[in-house]
Amino acid sequence: QVQLVESGGGLVQPGGSLRLSCAASGRIFTINAMGWYRQAPGKQRELVATITSGGSTNYADSVKGRFTVSRDNAKNTVYLQMNSLKPEDTAVYYCNADILKTNLARGDYWGKGTLVTVSS
């Protein structure tokens, strides 16, 4: 099986920074796109940022210039550096990955989420 495990969430004051990590493990042959989504209370899950295996990135307009997505392909890990955090960034952040397993089955996998709370 494949697992995605996020870490790095927590409580931070407005203007502060956090770094999220997400490590994929299991019978992985290769990972295509990886990314981060978030879901605030009472709202739908939305895209935050994605990154391809080649390093091309895509960001939601609301986080451009403040968040940076990166990955370490050798460690099957994706990161999200979040700076200048705002209260509206408060949400559960989910990691997502498009994974080709060793049995050549391809699937879309999600982590269980990590809570980020931006509050004074």
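Just above, that's the structure.
Basis of the calculations
- Residues numbered from 1 in each chain as written.
- Predicted model: local features only at pLDDT ≥ 70, side-chain atom pairs only at ≥ 80, totals over all residues.
- Heavy atoms only, no water.
- Helix = DSSP H or I, 4+ residues; strand = E, 2+ residues; numbered from the N terminus.
- Rg over C-alpha atoms; globule rule 2.2 N^0.38 Å.
- Buried < 20%, exposed > 50% of the residue type's maximum accessible area, 1.4 Å probe, protein only.
- Contact = heavy atoms within 4.5 Å.
- Areas by Shrake-Rupley, 256 points an atom, 1.4 Å probe, with all protein chains shown as cover.
- Core = buried A, V, L, I, M, F, W, Y, C linked by side-chain atoms within 4.5 Å.
- Pairing = 2+ DSSP bridges.
- Disulfide = S-S within 2.5 Å.
- Phe/Tyr/Trp six-rings, centres within 6.5 Å; stacked < 30°, edge-to-face > 60°.

K.L.:
If you had to explain the overall build of the protein chain to someone new, which residues and values would you point to?
P.N.:
Secondary structure summary: the protein chain contains zero helices and eleven strands in total. Listing each helix as α and each strand as β along the protein chain from the N terminus yields β-β-β-β-β-β-β-β-β-β-β. Its C-alpha radius of gyration of 14 Å places the protein chain within 12% of the 14 Å reference for a compact globule of 120 residues. Taking the principal axes of its C-alpha atoms as reference, the protein chain extends roughly 50 × 25 × 25 Å. When burial is assessed residue by residue, the protein chain has 42% of its 120 residues classed as buried. Across the protein chain, every contact between residues at least 6 apart in sequence was considered, and the portion connecting residues at least 24 apart equals 54%. As displayed, the protein chain offers around 6500 Å² of accessible surface, 47% of which is attributable to carbon and sulfur atoms.

K.L.:
Provide a residue-level description of the nonpolar core, including the pertinent values.
P.N.:
Within the largest apolar cluster, 32 residues are counted, with the highest numbers of intra-cluster contacts made by Trp 36, Leu 80, Met 82, Tyr 93 and Ile 99. Of all the elements in the fold, those that place two or more residues in this core are strand S1 (2-7), strand S3 (18-26), strand S4 (28-39), strand S5 (46-51), strand S7 (67-72), strand S8 (77-82), strand S9 (91-101) and strand S11 (114-118).

K.L.:
Pulling in residues and values, what's your account of the pairing of S9?
P.N.:
Taking burial as the measure, the eleven residues of S9 include ten buried ones, the bulk of the element. In this sheet, S9 lies alongside S4 in antiparallel orientation, the contact comprising nine bridges. Among the inter-strand pairings, Tyr 37 is bridged to a residue of S9, identified as Tyr 94.

K.L.:
So, the state of the cysteines: which residues are in play, and what are the values?
P.N.:
Under the definition given, this model contains one disulfide. Here Cys 22 connects covalently by a disulfide to Cys 95, the sulfurs 2.1 Å from one another. Taking the torsion about the S-S bond as the criterion, the Cys 22 to Cys 95 disulfide, at about -80°, is left-handed. Of this pair, Cys 22 sits in strand S3 while Cys 95 sits in strand S9, placing them 73 residues apart in sequence. Comparing Cys 22 with Cys 95 shows no difference in burial state: the two are buried.

K.L.:
Can you break down the packing of aromatic side chains residue by residue, with the values?
P.N.:
Scanning the model with the defined rule gives one aromatic pair in all. Their ring planes at 65° and their centres at 5.0 Å tell us that Tyr 37 and Trp 110 sit as a pair that is edge-to-face. Of this pair, Tyr 37 sits in strand S4 while Trp 110 sits in strand S10 (residues 106-110), and the two are 73 residues apart along the sequence. When its relative accessible area of 36% is taken as the criterion, Trp 110 is described as partly exposed.

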